[in-house]
Amino acid sequence: MQCIQCKGKGLCGLPVCPITRRFHAQADLKLSASYQGSAPSVFVGSAGYPDVQGGPLLVSDSDHPPDWLAKNLGIDDIVGIRARTIRGRSPARQFTGGLQEIALSAKPLDVDVAFARPVAFSLAFDGTVAPVGLSGEVQKLDVVGSASIARVVDRVTSDTDLGATGACVELAQGGTDVYGIAKLMTAGLLGRRRHLVPTRWAITAVDDTISASLKQGIARLSPLDEYRVFSGELFGNRIVCILAPGDWKYEMIEVWGKQTLWAGDTEAIVQDREGMKKQGYSPISGAYYSARLAVAEYLTGIRRSARAIVIRHISSEYWAPLGTWVIREAARTAMASPYVPCESLDEAVRVASAKIGFAYWQQHSTLIPELRTQRTLFSF
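Residues numbered from 1 in each chain as written. Predicted model: local features only at pLDDT ≥ 70, side-chain atom pairs only at ≥ 80, totals over all residues. Heavy atoms only, no water.

A. Summary view of helix α6 (residues 151-158). Taken together, the buried positions of α6 are occupied by V152, V153, V156 and T157. The buried residues of α6 all sit within an arc of 115° when viewed along its axis, so they share a single face. Residues of α6 that are exposed and point over 90 degrees away from its buried face: R151 and S158. Those residues of α6 hidden inside the fold are in contact with α5 (96-104), α7 (164-173) and α8 (178-186). (Buried < 20%, exposed > 50% of the residue type's maximum accessible area, 1.4 Å probe, protein only. Helix = DSSP H or I, 4+ residues; strand = E, 2+ residues; numbered from the N terminus. Arc of directions from axis to C-beta. Contact = heavy atoms within 4.5 Å.)

Shown next as C-alpha coordinates:
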(Lines give C-alpha, C1' and ligand atoms only; values in the text may rest on other atoms or scores of the structure.)
Protein backbone atom coordinates (compact mmCIF):
# COMPACT_ATOMS: atom_id res chain seq x y z
CA MET A 1 0.00 0.00 0.00
CA GLN A 2 1.09 3.57 -0.69
CA CYS A 3 -1.82 5.39 0.92
CA ILE A 4 0.36 8.17 2.32
CA GLN A 5 1.26 9.05 -1.28
CA CYS A 6 -1.83 7.72 -3.01
CA LYS A 7 -4.64 9.22 -0.91
CA GLY A 8 -7.21 7.15 -2.79
CA LYS A 9 -5.84 7.66 -6.31
CA GLY A 10 -5.16 3.96 -6.91
CA LEU A 11 -1.37 4.05 -6.94
CA CYS A 12 -1.24 0.75 -5.05
CA GLY A 13 -2.30 -1.03 -8.24
CA LEU A 14 -5.60 -2.32 -6.91
CA PRO A 15 -8.61 -1.70 -9.18
CA VAL A 16 -10.53 -0.04 -6.34
CA CYS A 17 -9.10 1.64 -3.26
CA PRO A 18 -10.25 -0.57 -0.34
CA ILE A 19 -10.41 2.39 2.03
CA THR A 20 -12.43 4.57 -0.36
CA ARG A 21 -14.76 1.63 -1.05
CA ARG A 22 -15.56 1.22 2.64
CA PHE A 23 -16.36 4.92 2.99
CA HIS A 24 -18.48 4.83 -0.17
CA ALA A 25 -20.48 1.88 1.16
CA GLN A 26 -21.42 3.95 4.21
CA ALA A 27 -22.55 7.01 2.22
CA ASP A 28 -26.19 5.94 2.00
CA LEU A 29 -27.68 9.44 1.67
CA LYS A 30 -29.86 10.36 -1.26
CA LEU A 31 -27.59 12.65 -3.27
CA SER A 32 -29.62 15.84 -3.39
CA ALA A 33 -28.97 19.43 -4.50
CA SER A 34 -30.34 20.80 -1.23
CA TYR A 35 -29.96 20.21 2.49
CA GLN A 36 -32.09 21.18 5.44
CA GLY A 37 -30.77 20.13 8.82
CA SER A 38 -27.94 20.38 11.29
CA ALA A 39 -24.57 22.05 10.71
CA PRO A 40 -22.39 21.17 13.71
CA SER A 41 -19.16 22.67 12.36
CA VAL A 42 -17.32 24.35 9.50
CA PHE A 43 -14.51 23.33 7.18
CA VAL A 44 -11.98 25.44 5.28
CA GLY A 45 -9.56 23.82 2.83
CA SER A 46 -5.93 24.78 2.33
CA ALA A 47 -5.65 24.51 -1.47
CA GLY A 48 -5.01 27.86 -3.14
CA TYR A 49 -4.48 29.73 0.11
CA PRO A 50 -5.36 32.56 0.76
CA ASP A 51 -8.15 32.12 -1.82
CA VAL A 52 -9.55 29.07 -0.06
CA GLN A 53 -12.71 27.05 -0.43
CA GLY A 54 -14.86 26.48 2.64
CA GLY A 55 -18.33 25.95 3.98
CA PRO A 56 -20.44 24.26 6.62
CA LEU A 57 -20.15 20.61 7.61
CA LEU A 58 -23.60 19.10 7.23
CA VAL A 59 -24.66 16.00 9.16
CA SER A 60 -27.29 15.05 11.69
CA ASP A 61 -24.58 13.67 14.00
CA SER A 62 -21.92 15.22 16.22
CA ASP A 63 -18.66 16.58 14.83
CA HIS A 64 -17.11 16.32 18.31
CA PRO A 65 -14.77 13.32 18.81
CA PRO A 66 -15.24 13.13 22.61
CA ASP A 67 -18.95 12.54 21.91
CA TRP A 68 -18.06 9.58 19.67
CA LEU A 69 -15.86 8.09 22.38
CA ALA A 70 -18.48 8.67 25.07
CA LYS A 71 -20.89 6.59 22.95
CA ASN A 72 -18.24 3.83 22.59
CA LEU A 73 -18.35 4.14 18.80
CA GLY A 74 -15.91 1.96 16.89
CA ILE A 75 -13.88 2.98 13.86
CA ASP A 76 -16.56 1.62 11.49
CA ASP A 77 -19.24 3.63 13.29
CA ILE A 78 -17.19 6.81 12.95
CA VAL A 79 -16.49 6.08 9.30
CA GLY A 80 -20.25 5.77 8.84
CA ILE A 81 -20.79 9.23 10.33
CA ARG A 82 -18.01 10.81 8.27
CA ALA A 83 -19.10 9.08 5.06
CA ARG A 84 -22.55 10.68 5.42
CA THR A 85 -21.11 14.11 6.24
CA ILE A 86 -21.34 16.74 3.51
CA ARG A 87 -18.62 19.36 3.12
CA GLY A 88 -20.12 22.50 1.67
CA ARG A 89 -17.62 24.39 -0.46
CA SER A 90 -17.51 27.75 -2.17
CA PRO A 91 -15.12 30.70 -2.07
CA ALA A 92 -15.01 30.84 1.71
CA ARG A 93 -15.38 34.63 1.96
CA GLN A 94 -18.75 34.36 0.24
CA PHE A 95 -20.44 32.94 3.35
CA THR A 96 -18.12 34.13 6.12
CA GLY A 97 -20.97 35.49 8.24
CA GLY A 98 -22.89 32.23 8.19
CA LEU A 99 -19.78 30.16 8.91
CA GLN A 100 -18.95 32.35 11.89
CA GLU A 101 -22.47 31.95 13.31
CA ILE A 102 -22.09 28.17 13.10
CA ALA A 103 -18.63 28.25 14.70
CA LEU A 104 -19.74 30.51 17.55
CA SER A 105 -22.72 28.43 18.58
CA ALA A 106 -22.35 26.03 21.49
CA LYS A 107 -25.05 23.88 19.89
CA PRO A 108 -25.40 22.85 16.24
CA LEU A 109 -27.46 25.30 14.21
CA ASP A 110 -29.97 24.31 11.58
CA VAL A 111 -29.26 25.52 8.06
CA ASP A 112 -30.90 25.61 4.67
CA VAL A 113 -28.36 24.99 1.91
CA ALA A 114 -28.77 24.97 -1.86
CA PHE A 115 -26.02 23.37 -3.97
CA ALA A 116 -25.14 24.08 -7.60
CA ARG A 117 -25.75 20.39 -8.34
CA PRO A 118 -26.38 17.23 -6.30
CA VAL A 119 -23.62 16.50 -3.80
CA ALA A 120 -21.09 13.89 -4.87
CA PHE A 121 -18.80 11.40 -3.19
CA SER A 122 -15.50 13.24 -2.76
CA LEU A 123 -13.11 11.70 -0.24
CA ALA A 124 -9.58 12.96 0.39
CA PHE A 125 -7.35 11.41 3.05
CA ASP A 126 -5.55 13.64 5.49
CA GLY A 127 -3.81 12.54 8.66
CA THR A 128 -4.78 15.75 10.50
CA VAL A 129 -8.47 16.32 9.84
CA ALA A 130 -11.30 13.80 10.03
CA PRO A 131 -12.29 12.65 6.52
CA VAL A 132 -15.56 13.72 4.88
CA GLY A 133 -17.32 11.55 2.33
CA LEU A 134 -19.51 13.98 0.39
CA SER A 135 -19.02 17.42 -1.09
CA GLY A 136 -21.09 20.04 -2.87
CA GLU A 137 -20.71 23.56 -4.22
CA VAL A 138 -22.84 25.90 -2.10
CA GLN A 139 -24.98 28.49 -3.87
CA LYS A 140 -27.06 29.59 -0.89
CA LEU A 141 -26.57 29.27 2.87
CA ASP A 142 -29.25 30.39 5.31
CA VAL A 143 -28.69 29.89 9.02
CA VAL A 144 -31.91 29.11 10.90
CA GLY A 145 -32.16 30.36 14.48
CA SER A 146 -29.65 32.17 16.66
CA ALA A 147 -26.32 30.99 17.99
CA SER A 148 -26.06 30.05 21.67
CA ILE A 149 -22.68 31.51 22.63
CA ALA A 150 -20.72 30.70 25.80
CA ARG A 151 -19.73 33.78 27.80
CA VAL A 152 -15.98 33.20 27.47
CA VAL A 153 -16.33 32.66 23.72
CA ASP A 154 -18.34 35.86 23.35
CA ARG A 155 -15.79 37.85 25.35
CA VAL A 156 -12.70 36.52 23.57
CA THR A 157 -14.08 36.68 20.03
CA SER A 158 -15.31 40.24 20.66
CA ASP A 159 -11.84 41.40 21.72
CA THR A 160 -10.08 42.41 18.52
CA ASP A 161 -7.07 43.68 20.48
CA LEU A 162 -6.29 40.20 21.79
CA GLY A 163 -3.77 38.20 19.75
CA ALA A 164 -4.56 34.70 18.51
CA THR A 165 -2.16 33.06 20.98
CA GLY A 166 -3.68 34.88 23.94
CA ALA A 167 -7.18 34.09 22.66
CA CYS A 168 -6.44 30.35 22.46
CA VAL A 169 -4.99 30.31 25.98
CA GLU A 170 -7.88 32.31 27.47
CA LEU A 171 -10.45 30.08 25.82
CA ALA A 172 -8.70 26.94 27.09
CA GLN A 173 -8.46 28.34 30.60
CA GLY A 174 -12.14 29.27 30.39
CA GLY A 175 -13.19 25.70 29.62
CA THR A 176 -13.43 25.68 25.81
CA ASP A 177 -11.89 22.47 24.49
CA VAL A 178 -9.41 22.28 21.63
CA TYR A 179 -12.12 21.24 19.18
CA GLY A 180 -14.15 24.37 19.86
CA ILE A 181 -11.08 26.60 19.73
CA ALA A 182 -9.98 25.15 16.38
CA LYS A 183 -13.47 25.77 14.99
CA LEU A 184 -13.33 29.42 16.07
CA MET A 185 -9.86 29.84 14.56
CA THR A 186 -10.97 28.23 11.30
CA ALA A 187 -13.87 30.69 11.03
CA GLY A 188 -11.55 33.67 11.45
CA LEU A 189 -12.84 34.69 14.88
CA LEU A 190 -9.56 34.93 16.81
CA GLY A 191 -6.67 37.39 16.79
CA ARG A 192 -6.10 40.97 15.73
CA ARG A 193 -5.82 40.48 11.98
CA ARG A 194 -8.67 38.07 11.38
CA HIS A 195 -8.99 35.80 8.40
CA LEU A 196 -10.28 32.32 7.62
CA VAL A 197 -7.77 29.60 8.49
CA PRO A 198 -7.61 26.19 6.79
CA THR A 199 -9.02 23.60 9.19
CA ARG A 200 -5.95 21.36 9.16
CA TRP A 201 -3.71 24.33 10.04
CA ALA A 202 -6.05 25.45 12.82
CA ILE A 203 -6.11 22.00 14.47
CA THR A 204 -2.32 21.80 14.74
CA ALA A 205 -1.97 25.48 15.64
CA VAL A 206 -4.33 25.08 18.60
CA ASP A 207 -2.55 21.94 19.89
CA ASP A 208 0.80 23.69 19.49
CA THR A 209 -0.29 27.00 21.05
CA ILE A 210 -1.97 25.54 24.12
CA SER A 211 0.74 22.96 24.85
CA ALA A 212 3.46 25.61 24.37
CA SER A 213 1.68 27.76 26.96
CA LEU A 214 1.46 24.82 29.35
CA LYS A 215 5.19 24.18 28.85
CA GLN A 216 5.98 27.63 30.18
CA GLY A 217 4.14 26.82 33.40
CA ILE A 218 5.70 23.37 33.63
CA ALA A 219 9.17 24.95 33.48
CA ARG A 220 8.51 26.58 36.86
CA LEU A 221 7.46 23.35 38.60
CA SER A 222 9.48 20.90 40.69
CA PRO A 223 10.65 17.80 38.82
CA LEU A 224 8.96 14.45 39.14
CA ASP A 225 10.63 12.27 41.79
CA GLU A 226 10.29 8.90 40.02
CA TYR A 227 10.09 7.26 36.60
CA ARG A 228 6.58 6.52 35.36
CA VAL A 229 5.34 4.50 32.38
CA PHE A 230 1.86 5.04 30.95
CA SER A 231 0.05 3.22 28.15
CA GLY A 232 -3.25 3.37 26.31
CA GLU A 233 -4.77 2.41 22.97
CA LEU A 234 -7.45 3.68 20.62
CA PHE A 235 -8.40 2.19 17.24
CA GLY A 236 -5.09 0.36 16.82
CA ASN A 237 -3.01 3.34 17.98
CA ARG A 238 -1.02 2.28 21.04
CA ILE A 239 0.60 5.08 23.01
CA VAL A 240 3.31 4.42 25.61
CA CYS A 241 4.83 7.30 27.55
CA ILE A 242 7.87 7.36 29.80
CA LEU A 243 8.16 10.26 32.22
CA ALA A 244 11.61 10.81 33.71
CA PRO A 245 12.67 13.30 36.42
CA GLY A 246 14.03 16.57 35.09
CA ASP A 247 13.14 19.76 33.29
CA TRP A 248 10.87 19.73 30.23
CA LYS A 249 12.10 17.73 27.27
CA TYR A 250 9.87 15.85 24.87
CA GLU A 251 10.49 13.18 22.28
CA MET A 252 8.09 11.24 20.09
CA ILE A 253 8.82 8.09 18.12
CA GLU A 254 6.13 6.96 15.67
CA VAL A 255 6.15 3.42 14.27
CA TRP A 256 3.80 2.36 11.47
CA GLY A 257 3.71 -1.44 11.35
CA LYS A 258 4.11 -3.45 8.17
CA GLN A 259 1.14 -3.39 5.81
CA THR A 260 -0.57 -0.69 7.82
CA LEU A 261 -2.35 2.34 6.44
CA TRP A 262 0.73 4.44 5.65
CA ALA A 263 3.44 1.78 5.44
CA GLY A 264 4.18 -1.01 3.00
CA ASP A 265 6.35 -4.12 3.27
CA THR A 266 8.65 -2.44 5.79
CA GLU A 267 7.86 -0.42 8.88
CA ALA A 268 7.88 3.36 8.70
CA ILE A 269 9.57 4.99 11.71
CA VAL A 270 9.97 8.72 12.37
CA GLN A 271 11.30 10.59 15.41
CA ASP A 272 11.39 14.17 16.64
CA ARG A 273 12.17 15.97 19.90
CA GLU A 274 12.44 19.35 21.60
CA GLY A 275 13.45 21.23 24.71
CA MET A 276 11.74 24.40 25.87
CA LYS A 277 11.77 25.65 22.27
CA LYS A 278 10.76 23.73 19.16
CA GLN A 279 12.80 24.27 16.02
CA GLY A 280 10.72 24.01 12.85
CA TYR A 281 7.63 21.97 12.09
CA SER A 282 7.75 18.35 13.21
CA PRO A 283 8.22 15.64 10.54
CA ILE A 284 5.67 13.63 12.53
CA SER A 285 3.18 16.35 11.61
CA GLY A 286 0.11 17.08 13.72
CA ALA A 287 0.34 13.88 15.78
CA TYR A 288 3.49 15.25 17.47
CA TYR A 289 1.63 18.27 18.85
CA SER A 290 -1.52 16.34 19.76
CA ALA A 291 0.42 13.87 21.91
CA ARG A 292 2.51 16.70 23.39
CA LEU A 293 -0.67 18.43 24.52
CA ALA A 294 -1.83 15.34 26.41
CA VAL A 295 1.51 15.02 28.22
CA ALA A 296 1.61 18.73 29.07
CA GLU A 297 -1.96 18.56 30.41
CA TYR A 298 -0.98 15.69 32.70
CA LEU A 299 2.13 17.41 34.08
CA THR A 300 0.20 20.62 34.62
CA GLY A 301 -2.43 18.65 36.51
CA ILE A 302 0.06 17.01 38.89
CA ARG A 303 2.16 20.19 39.21
CA ARG A 304 5.45 18.57 38.18
CA SER A 305 7.99 18.90 35.38
CA ALA A 306 9.47 15.90 33.58
CA ARG A 307 11.18 14.62 30.48
CA ALA A 308 8.80 12.66 28.29
CA ILE A 309 9.28 9.98 25.65
CA VAL A 310 6.14 9.05 23.72
CA ILE A 311 6.09 5.96 21.50
CA ARG A 312 3.17 5.52 19.12
CA HIS A 313 2.67 2.20 17.35
CA ILE A 314 0.00 1.89 14.66
CA SER A 315 -1.38 -1.53 13.75
CA SER A 316 -3.48 -2.64 10.79
CA GLU A 317 -6.59 -2.19 12.94
CA TYR A 318 -6.30 1.52 12.10
CA TRP A 319 -7.46 1.08 8.52
CA ALA A 320 -8.76 4.62 7.89
CA PRO A 321 -7.11 7.95 8.77
CA LEU A 322 -9.50 9.67 11.19
CA GLY A 323 -7.37 12.69 12.09
CA THR A 324 -4.95 13.70 14.82
CA TRP A 325 -7.77 13.72 17.36
CA VAL A 326 -7.21 9.96 17.59
CA ILE A 327 -3.62 10.48 18.78
CA ARG A 328 -4.67 13.25 21.16
CA GLU A 329 -7.38 11.11 22.76
CA ALA A 330 -5.23 7.96 22.78
CA ALA A 331 -2.48 9.90 24.59
CA ARG A 332 -5.01 11.36 27.01
CA THR A 333 -6.30 7.85 27.66
CA ALA A 334 -2.76 6.69 28.37
CA MET A 335 -2.00 9.59 30.71
CA ALA A 336 -5.28 9.04 32.60
CA SER A 337 -4.59 5.32 33.12
CA PRO A 338 -2.75 3.89 36.14
CA TYR A 339 1.00 4.18 35.58
CA VAL A 340 3.82 1.79 36.41
CA PRO A 341 6.35 3.37 38.82
CA CYS A 342 9.97 2.48 38.05
CA GLU A 343 13.17 2.89 40.05
CA SER A 344 15.47 3.58 37.10
CA LEU A 345 15.51 4.64 33.49
CA ASP A 346 16.53 1.14 32.38
CA GLU A 347 13.55 -0.36 34.18
CA ALA A 348 11.22 2.23 32.63
CA VAL A 349 12.57 1.44 29.16
CA ARG A 350 12.04 -2.29 29.73
CA VAL A 351 8.47 -1.74 30.90
CA ALA A 352 7.75 0.57 27.96
CA SER A 353 9.16 -1.97 25.50
CA ALA A 354 6.97 -4.69 26.97
CA LYS A 355 3.88 -2.50 26.68
CA ILE A 356 4.57 -1.39 23.10
CA GLY A 357 5.48 -4.96 22.12
CA PHE A 358 9.06 -4.51 20.85
CA ALA A 359 12.35 -3.00 21.97
CA TYR A 360 13.96 -1.68 18.77
CA TRP A 361 12.24 1.70 19.16
CA GLN A 362 15.09 2.49 21.59
CA GLN A 363 17.66 2.79 18.79
CA HIS A 364 15.69 5.71 17.35
CA SER A 365 15.66 7.67 20.61
CA THR A 366 18.13 10.49 21.14
CA LEU A 367 16.74 11.41 24.55
CA ILE A 368 17.49 8.06 26.22
CA PRO A 369 21.29 8.29 25.65
CA GLU A 370 21.16 11.86 26.91
CA LEU A 371 19.29 10.82 30.05
CA ARG A 372 21.87 8.12 30.70
CA THR A 373 24.87 10.44 30.40
CA GLN A 374 23.65 13.72 31.84
CA ARG A 375 23.49 14.23 35.57
CA THR A 376 20.72 16.39 37.01
CA LEU A 377 19.95 17.54 40.52
CA PHE A 378 17.77 14.41 40.83
CA SER A 379 20.94 12.30 40.48
CA PHE A 380 22.36 13.48 43.79
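B. How the structure looks around the environment of I311. For I311, the location among the structural elements is in strand β12 (residues 307-314). Given a relative accessible area of 0%, I311 falls into the buried group. Aside from chain neighbours lying at most four places away, what touches I311 is R238, I239, V240, I253, I356 and W361.

C. Highlighting the nonpolar core. Membership of the largest hydrophobic core comes to 82 residues, with the highest contact counts inside it found for L243, V295 and W325. With 10 residues, helix α10 (residues 286-302) is the single largest residue contributor to this core. Here V295 is in contact with C241, L243, W248, Y250, A308, V310 and M335, once residues within four sequence places are set aside. Listed in part, the 21 residues of the second largest apolar core include C342, V349, F358 and L371. (Core = buried A, V, L, I, M, F, W, Y, C linked by side-chain atoms within 4.5 Å.)

D. Fine view of the sheet that holds strand β8 (residues 227-234). Taken together, 6 strands build an open sheet; the order of strands is β11-β10-β12-β9-β8-β13 and the sheet is mixed. Sheet topology places β11 (268-274) and β13 (340-342) at the edges, where each strand pairs with a single neighbour. This sheet shows a mean twist of 15° between the axes of neighbouring strands, independent of strand direction. As paired strands, strand β9 (residues 237-244) and β12 are joined by 8 bridges and run antiparallel to one another. Bridged to L243 within β12 is A308. Across the sheet, α10 is in contact with β8, β9, β10 (249-256), β11 and β12; its angle to β10 comes to roughly 135°. (Pairing = 2+ DSSP bridges. Axes fitted to C-alpha atoms, helices over the stretch in contact; angles between N-to-C directions.)

E. Inspection of the layout of surface pockets at higher detail. Approximately 800 Å³ is the volume found for the largest pocket. Around the largest pocket, the lining is made up of 42 residues, and of these D63, H64, Y179, G180 and K183 lie nearest the centre. Mapped onto the lining of the largest pocket, the elements with two or more residues apiece are β2 (41-44), α3 (65-70), α5, α8, α9 (199-218) and α11 (325-336). By residue number, the principal contributor to the lining of the largest pocket is α8, which donates 7 residues. The residue makeup of the lining of the largest pocket, split by class, is 23 nonpolar, 11 polar and 8 charged. (1 Å grid on protein atoms, 1.4 Å probe; cavity = no way out; pocket = protein on both sides within 12 Å on 5 of 7 lines; lining within 4 Å. Points joined across faces, edges and corners; volume = space filled by probe spheres on them. Nonpolar A, V, L, I, M, F, W, Y, C, P; charged D, E, K, R; others polar.)

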